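Below are the chains, spelled out letter by letter.
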Amino acid sequence: MSVSRSGLRMLTSSASRQFRFGRSILPMTSALTSTGKGNFLSSKESLVNNFEAQQPRYFSSEAPRDVQKEIGDMVANNKVVVFMKGVPEAPRCGFSNAVVQILRMHDVTYDAHNVLEDEELRQGIKDFSSWPTIPQVYMEGEFIGGCDILLQMHQSGELVEELQKVGIRSALLGAEEDDKK
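Calculation rules
Residues numbered from 1 in each chain as written. Predicted model: local features only at pLDDT ≥ 70, side-chain atom pairs only at ≥ 80, totals over all residues. Heavy atoms only, no water. Salt bridge = Lys/Arg side-chain N within 4 Å of Asp/Glu carboxyl O. Disulfide = S-S within 2.5 Å. Buried < 20%, exposed > 50% of the residue type's maximum accessible area, 1.4 Å probe, protein only. Pairing = 2+ DSSP bridges. Helix = DSSP H or I, 4+ residues; strand = E, 2+ residues; numbered from the N terminus. Axes fitted to C-alpha atoms, helices over the stretch in contact; angles between N-to-C directions. Contact = heavy atoms within 4.5 Å. Arc of directions from axis to C-beta. Polar contact = N/O pair within 3.5 Å; in protein donor to acceptor, adjacent residues only side chain to side chain.

**Side note on the pattern of salt bridges**
- Tallied over the entire structure, the rule returns 5 salt bridges.
- Via salt bridges that share partners, Arg65, Glu70, Asp118 and Glu120 belong to a single interconnected network.

Rendered as structure tokens:
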């Protein structure tokens, strides 16, 4: 075995001559590629250079998706929006289930989005809010928080006030009035 200047090791065998580049063994016939200037690159160097020069190619006629705009439209066009794992009828995590149960107790109608069905949405909502966890609750376009914050707001009565600010009457207010009678 001999080592060339480019770091390629030439292996000599009875079958054929090969070059070893790192862990890859390249046949001698394809190991070097001309740059057109009298210089030669190894196949690996040539592939790396070609890969770095390529721009992303889209294989459909659709333009790239603007997830941030989609999320902005979702939260702007609905009073209450929940980004969760699963759907309200079948939450796929305990935290999403807790948010669904809290909103159900208050009889809140909301727009729900399952982030497990859409990886771009899942990452996009984290970037949109700068909040790393899911579920995420929005009211009138404003980020309220996740499960822990919604639970605290529910326990302190602050959620009833927030719902009133956005024009939603909590079902718990009706239960309190019935208890006073």
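**What to know about the state of the cysteines**
- Tallied over the entire structure, the rule returns 0 disulfides.
- Not part of a disulfide, Cys93 finds its nearest cysteine sulfur in Cys147, a span of 7.9 Å.
- For Cys147, a relative accessible area of 11% gives the class buried.

**Here's the deal with the sheet that holds strand 10 (residues 111-114)**
- Ordered in space as 10-7-11-12, the 4 strands form an open sheet in which the pairing is mixed. The two strands at the open ends of the sheet, each matched to only one other strand, are strand 10 and strand 12 (142-145). Sheet twist, expressed as the average angle between the axes of neighbouring strands with direction ignored, equals 25°.
- Of the pairings in the sheet, the one linking strand 7 (residues 80-84) to strand 11 (residues 136-139) comprises 4 bridges and is antiparallel in character. Within strand 11, the position partnered with Phe83 by the bridge is Gln136.
- Sitting on the sheet, helix 4 (residues 119-129) is in contact with strand 7, strand 10, strand 11 and strand 12, with an inclination near 60° to strand 11.

**Some details on helix 4**
- The complete set of buried residues in helix 4 reads Leu121, Gly124, Ile125 and Ser129. The buried residues of helix 4 all sit within an arc of 110° when viewed along its axis, so they share a single face.
- With a side-chain oxygen lying 3.1 Å from the backbone nitrogen of Glu120, the N-terminal cap of helix 4 falls on Asp118.
- Among the residues trailing helix 4, Ser130 stands out with phi positive, at a value near 60°.

Everything listed here is a matter of coordinates, which is why it stays silent on function.
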